[in-house]
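Spelled out from the first residue to the last, the chains are:
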Amino acid sequence: MVTAERRTRRRLAAWMLVLAIVLSAFVVRLVDIQVVRAEQLSQESEARRSIPITIHGARGDIVDARDVVLADSVYRYDITVSPRFVRDYTRTDETTGDKVTRTVAESLAALAPIVGGDAAAMLVDIQSQLAVDPEDDHAYLARGVTPEAFEQVRELGIPWVYWERIPARTYPNGQIAGNLVGFLGTDGPQTGLEYRLNDCLQATDGSATYERGADGVRLPGTTVVAQDAVDGGTLHLTIDSDVQWFAQQAIGEQATAIGADWATAMVVRVSDGAIVAAADWPTVDPNDVNGTDVLNLGSRIFSSPYEPGSTMKSLTFAALLDAGLISPTEQVLVPGRYPTIPGYSITDAWAHDTLRYTAAGVLSNSSNIGTSMLSERLSAQQRHDYLAAFGIGTQSAVDFLGEESGSLQDPTTIDAHSVYTQMFGQGVTVTSAQVASAYQTLANGGVHVPLTLVTGCSHADGTVTHLPPLESQRAVSEQAANTTIEMLETVVTDGALSRQLSIPGYRVAAKTGTGEVAENGEYGSERIVSVAGLAPADDPQFVVVVTYGKPDTMKTSAAAAPTFRSIMTQVLKTFRVPPSTVPAPSIPLTW
Amino acid sequence: MSAVPFTAAPRPRRVSPSQRPLEVVATRSQRRARPRAAYAIATVAGVFAILLTQLLLSIVLSEGAYTITALEAQRIELDRTAQVLTERLNVYDSAQNVAANAESLGMVVSTVSPAFLLLSNGSVQGSPTPAGAGSGVLDGRGDLVGNVLLADVPLVTPTAAGGASAATSGVPPTPLSSGSLPSASSAVPSSGALPSPVTR
C-alpha cells in the first residue's frame, strides 16, 4: 500500500514538473512577445496593414481687386493601367443581370474618346511595356484629364484601369493678365507672380496613414492624419480684370493696325499707386503656354526699358516749376537749332524759324529746343535728382520678375549733349511702369507713392502677408505738380491731337512722346510712340500710359492717342468718376 | 411478517404536541446575507441587459462608421461636382465671354463719352453721345485677348454675321405695355431675344 501511494505521489510530482516547464516556456514566450519584442512586432504588423499617403494642400488662388479668379487650383486625374492585368473581362449588366464579356480592344475603344487618346496607340504601349517586364504594374493611359472625363472613365468599370488625383492649375480668364500671373510648368512655377510670390501661394503637404485588409480593401475609419496639409494663401492683386481686358483688347487692335512689334498700356490709380491694369501685347494664355513666342511670356511693362521721348518733358517742367525757375506764361524765343557740343545740336521734330512760345507753349508743342534751353537753369546734379525723385533710374516697388530699372546717367560723368537730351527723354531709358509712376506723382500733387500690384496674401488662419510698401515721398511741390497738369491740359485742348485725346465732359491732361530707338549705336527710323496722361485734370483719379513699340505704318504718337482715350474713357466709366465741373484754364501758348 | 415480535420499545419521543422545536433565531445580518432568488434573477437579467445594450451600441456605432464613410464618399463626389461647376462658372464669367455674348446680343461699349444718370435728382452728368456703328470693342474684329478655355463655349445667341448685327437682323422684341401681364396665349418671341421679366 505504501509503495502504491508513493508512486502516485511521484507521478503527480512529475506531472507538476512538466506542467511547470511548459507553463514557464509559455511565460517566457509571452514576455518575449509582449515586452521584449513588443515594439518591433507591433511596428511590423502596423506596417503590414497601414499605408502612408500624402495629403496635398491646395495651391492658393490669384484673384483681382474684385475677387475675380485669375489663377485657380483644381484637381485633374491621371488615368493609369496595370498592364499585367489587362485582359478580357466579364461584367454583369446591372439592369438586365446578363453577363457581358468585353474584350481589351472594346474597353480601350470606349475609353480612348473620353480622354482624347488613341485606342490603338494605348494597346501598343501596354503590350510594349509587358514585353519589357511581364510583371509591369503601372502605365499611364492619359494624364491630367478633367473631372468630367474621369467620372465617365469610372462609369466604364474596367477592372484594370485606375486613377490618381493630381493638383493642377487653371486660368479661367486666359490671356487677361496672363503677362502678370505667369504659369506653372511640370516642375512648379515658371514665371510671373506664380514664380515671384510662390512663398505665398504654395501649399504645405501633409501626411496620413490608412489601414488595409488582407484583400487590399481600405478599412473604413482607419485613416490617421499625422500632419494636416496647409493650403496656400490667396494672392490679391490691384488689377481690375475688366479694365485689364479692355486695355489688352484696345492695344491689341491698334498694334495690329499700325504694325507695332509690341504694345503696353498701364492704368494706375492716383491716390494709392495701385496698378488697375498692366496690359501687354502680345501676351501669353497661361492655359496654353506653347501658343505664344517665348519672348512674350513676361511683362514688357516692367522688363523692357526704352527711351521714352517727350513724355519726359512733363517731369522737366515740373522740376523747373518746383525750383521756381519758370512760370507758365514766361516768354521764350525758340531758335531753329540749338548746338550743344561740337558736331551735336538739338533740333525739333519739325523745321522752324525762331518761334515765340510761352513756357507752356514749349511743353504743349513739345519743343526739344525750348525744353533744353529752359532746363539749362538747373544744374546737372539737380536735373538728375529731380528725375530720380520721380522714380526714373530705380526699379518700381512692384519688384516684378525680371523687372529692369532703366538707366539714368550719373550727373558727374554725363556728356554735355545727353545732359540736355535726357530732359526730353533721349539718352535715358525707362520702363512703362516708371512712366506711369512718374505721372502718378504729378497727378498726386507731387507725392510719389510706390506702385503696387499686390495688396496682400491672405492665409487660411486670417493673417495677411506681403502687404505693399507705404512710404511715399514728395518729388515736387503741389503747386509745381498742379501747374504742370494745367500746362498739359493745353495738349488736349489746343494741340494737334486735340480731337483724338479729348473726352467730352472731362478735363484731360496728357503728353505725347515719340522716342527714337537707338540700334547699333545710332538712331534709326524706328520709333516708340506713347501717350501718358491723367483725368480728370481738376481732381486727378487715374493715370493711363499707352505705348507702341516700333510701329510700321504710323510712327508718331497720333497712333497711341485713340487708344489712350478709349482706355481712359472706359476707366472713368468703370470707376464712376464724376465729370469735371469747371472748364480748363486758358494759358497762352505763343506771344 | 405477520407476527413481528415487539423487539424494542419505541424510543421515547421528546416531541410533545405542545412543545415546538427550538430554533436558532437568525440575526438581521444573517437573514440579509441569505441568497434570494429575486436578486439572482435581477443580476442575471442585468448582465444580459448590459450585454445586449453593448451589442446594440456596437451595432449602432459600426452602422455610424459606415454612414460616415458613405457620407465622406458622397462629400468627395459633391466636392468634385462643386469644382467642376465653379471652374465652368469662372470660365463663363471671363470678360472675353461676357463681352462676346453682350455684343452678340447687340450691346456695344461706348468709348466716346461717359455719362451718368444721377438717381438722387434725375440729372444727367457728362455729355451723353450715342455709340455709333462699329463702336463695339469686338465688333467684327474678333477677340484679341485669347482664352483657350472658351474654345468650346458657344455664344448665347449665335452671331448672324459678326458683331452687333444679331439684334438688328432679328425681330425686335415688342415691349409690353406697362403693368399688363402677358396673356397665356401670347407667343413668346423666339427670335433669340432675352426673356425679360415683367415687373410692376
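Residues numbered from 1 in each chain as written. Chains lettered and ligands numbered in written order. Predicted model: local features only at pLDDT ≥ 70, side-chain atom pairs only at ≥ 80, totals over all residues.

Enquirer: Whenever I open this one, the overall build of chain A confuses me. Can you help?
Expert: Within chain A, the regular secondary structure consists of 19 helices and 25 strands. Principal axes of the C-alpha set define a box for chain A whose edges measure 155 × 60 × 50 Å. Within chain A, contacts between residues at least 6 apart in sequence are counted, and of these 72% link residues at least 24 apart. (Helix = DSSP H or I, 4+ residues; strand = E, 2+ residues; numbered from the N terminus. Contact = placed C-beta atoms within 7 Å.)

Enquirer: Could you clarify how one ought to interpret the overall build of chain B in this entry?
Expert: Counting its regular elements, chain B contains four helices and two strands. Sequence-ordered secondary structure for chain B, helices as α and strands as β, is α-α-α-β-β-α. Among the 200 residues that make up chain B, the fraction classed as buried is 16%. Taking the intrachain contacts of chain B between residues at least 6 apart in sequence as the baseline, contacts between residues at least 24 apart amount to 57%. (Buried ≥ 20, exposed ≤ 12 C-beta atoms within 10 Å, placed from the backbone.)

Enquirer: Explanation requested: the interface of chain B and chain A in the structure shown.
Expert: Size of an interface, as often reported, equals the accessible area lost when the parts are brought together. Of the residues lining the interface, 32 residues belong to chain B; the matching set on chain A comes to 37 residues. Secondary structure elements with two or more residues in the side of chain B that touches chain A: helix H2 (37-92), helix H3 (95-104), strand S1 (115-117) and strand S2 (124-126) of chain B. Considering every element that reaches the side of chain B that touches chain A, the biggest residue donor is H2 of chain B, with ten residues. The class makeup of the residues in the side of chain B that touches chain A is 15 nonpolar, 13 polar and four charged. (Nonpolar A, V, L, I, M, F, W, Y, C, P; charged D, E, K, R; others polar.)

Enquirer: Which parts of the structure should I look at to understand unusual backbone geometry?
Expert: Note on backbone geometry: most residues besides glycine have negative phi, and most peptide bonds are trans. Residue and element names in this part refer to chain A. Residue Pro-282 follows Trp-281 across a cis peptide bond; omega there is -5°. Residue Ala-535 is joined to Pro-536 through a cis peptide bond whose omega torsion reads -20°. As for its placement among the helices and strands, Pro-536 is situated in the loop between strand S24 (522-535) and strand S25 (542-549). In the Ramachandran plot, Lys-550 falls in the positive-phi region, its phi being about 50° despite a non-glycine side chain. Relative to the elements of secondary structure, Lys-550 occurs in the loop between S25 and helix H19 (561-574).

Enquirer: Whenever I open this one, helix H3 (residues 104-115) of chain A confuses me. Can you help?
Expert: Helical geometry: 3.6 residues make up each α-helical turn, so side chains three or four residues apart lie on a common side. Residues and elements named next belong to chain A. Here H3 spans 17 Å end to end across twelve residues, near enough to the 16 Å set by a 1.5 Å rise per residue. Of all the residues in H3, the buried ones are Ser-107, Leu-108 and Leu-111. One side of H3 carries all its buried residues, which in axial view fall inside an arc of 90°. Residues of H3 that are exposed and angled more than 90 degrees away from the buried face: Ala-105 and Pro-113. Those residues of H3 that are buried are in contact with strand S5 (99-102), helix H4 (119-132), strand S6 (139-145), helix H5 (147-156) and strand S7 (161-170). (Expected span 1.5 Å × (residues − 1). Arc of directions from axis to C-beta.)

Enquirer: For this particular structure, what's the right way to read the confidence of the model for chain B?
Expert: Residue and element names in this part refer to chain B. With 62% of its residues at a pLDDT of 70 or more, chain B has an overall mean of 71. Within chain B, the lowest mean pLDDT, 37, falls on helix H4 (residues 165-169), and the highest, 91, falls on H2. This model gives residues 160-200 a pLDDT under 50, and the stretch forms 39 contacts once residues within four places in sequence are excluded. Complex prediction metrics read pTM 0.80 and ipTM 0.79. (pLDDT = per-residue confidence, 0-100.)

Enquirer: Even after reading the chapter, I still don't get the sheet that holds strand S11 (residues 224-227) of chain A, so can you show me in this structure?
Expert: Through backbone hydrogen bonds, the strands of a sheet pair up, either in parallel or in antiparallel fashion. Residue and element names in this part refer to chain A. Read from one edge to the other, the open sheet built from three strands follows the order S1-S10-S11, with strand pairing classed as antiparallel. The outermost strands of the open sheet, each flanked by one partner alone, are strand S1 (50-55) and S11. Taking each pair of neighbouring strands and ignoring which way they run, the sheet shows an average axis angle of 25°. Where S1 and strand S10 (residues 206-211) come together, six bridges link them in antiparallel fashion. (Pairing = 2+ DSSP bridges. Axes fitted to C-alpha atoms, helices over the stretch in contact; angles between N-to-C directions.)

Enquirer: Teacher, can you tell me more about the sheet that holds strand S23 (residues 509-519) of chain A here?
Expert: Residues and elements named next belong to chain A. With respect to topology, five strands assemble into an open sheet ordered S14-S13-S25-S24-S23, the strand pairing being antiparallel. The outermost strands of the open sheet, each flanked by one partner alone, are strand S14 (275-281) and S23. On average, each strand axis in the sheet is tilted by 10° relative to the strand beside it, whichever way the strands run. The pairing of S23 with S24 spans ten bridges and is classified as antiparallel. Bridging across to S24, Glu-519 finds its partner in Glu-522. The sheet strands contacting helix H9 (residues 241-258) are strand S13 (262-269), S14 and S25, and the helix crosses S14 at an angle near 30°.

Enquirer: Is there a simple way to think about the packing of H3 of chain A against H5 of chain A in this case?
Expert: For any two helices packed against each other, one specifies the inter-axial angle together with the distance between the axes. Residue and element names in this part refer to chain A. Running from N to C, H3 and H5 point in directions that differ by 170°, and their axes come no closer than 9 Å. As summarised for this structure, H3 and H5 are arranged roughly antiparallel, according to the angle between their axes. Every residue of H5 that contacts H3 at Ala-110, Leu-111, Ile-114 and Val-115 is listed here: Ala-149, Gln-152, Val-153 and Leu-156. Tallied by class, the residues present in the contact of H3 with H5 amount to seven nonpolar, one polar and no charged. (Parallel < 35°, antiparallel > 145°, perpendicular 65-115°, else oblique.)

Enquirer: Would you explain the environment of Ser-29 of chain B in this entry?
Expert: Here Ser-29 of chain B is to be found in helix H1 (residues 28-33). Between the C-alpha atom of Ser-29 of chain B and that of Ala-131 of chain B, which follows or precedes it by 102 residues, the distance is 110 Å.

Enquirer: Explanation requested: the confidence of the model for chain A in the structure shown.
Expert: Interpreting fine coordinate detail is not advised for predicted regions of low pLDDT. Per-residue pLDDT for chain A averages 90, and the proportion of residues at 70 or more is 98%. Within chain A, the lowest mean pLDDT, 79, falls on S1 of chain A, and the highest, 96, falls on S13 of chain A.

Enquirer: Is there a simple way to explain the environment of Ser-498 of chain A in this structure?
Expert: All names here are of chain A. With respect to the helices and strands, the residue Ser-498 is situated in helix H18 (residues 498-501). With 13 C-beta atoms counted inside 10 Å, the residue Ser-498 sits in the partly exposed group. The spacing of Ser-498 and Ala-561 is 63 residues in sequence and 9.3 Å in space, taken between C-alpha atoms. In contact with Ser-498, other than residues within four places in its own chain, are Val-492 and Thr-493.

Enquirer: Would you mind showing me how to read the domain arrangement of chain A here?
Expert: Domains assigned within chain A are domain 1 (72-170) and domain 2 (241-574). Placing a centre on the C-alpha atoms of domain 1 of chain A and another on those of domain 2 of chain A gives a separation of 57 Å. (Domains from an automatic or database assignment.)

Enquirer: Can you help me understand the nonpolar core in this one?
Expert: As a rule of thumb, soluble globular proteins bury nonpolar side chains together. Grouped together as the largest cluster of nonpolar side chains are 134 residues, with contacts concentrated most on Met-266, Val-267 and Ile-567 of chain A. If one sorts the elements of this core by residue count, H9 of chain A sits on top with eight residues. (Core = buried A, V, L, I, M, F, W, Y, C linked by C-beta atoms within 7 Å.)

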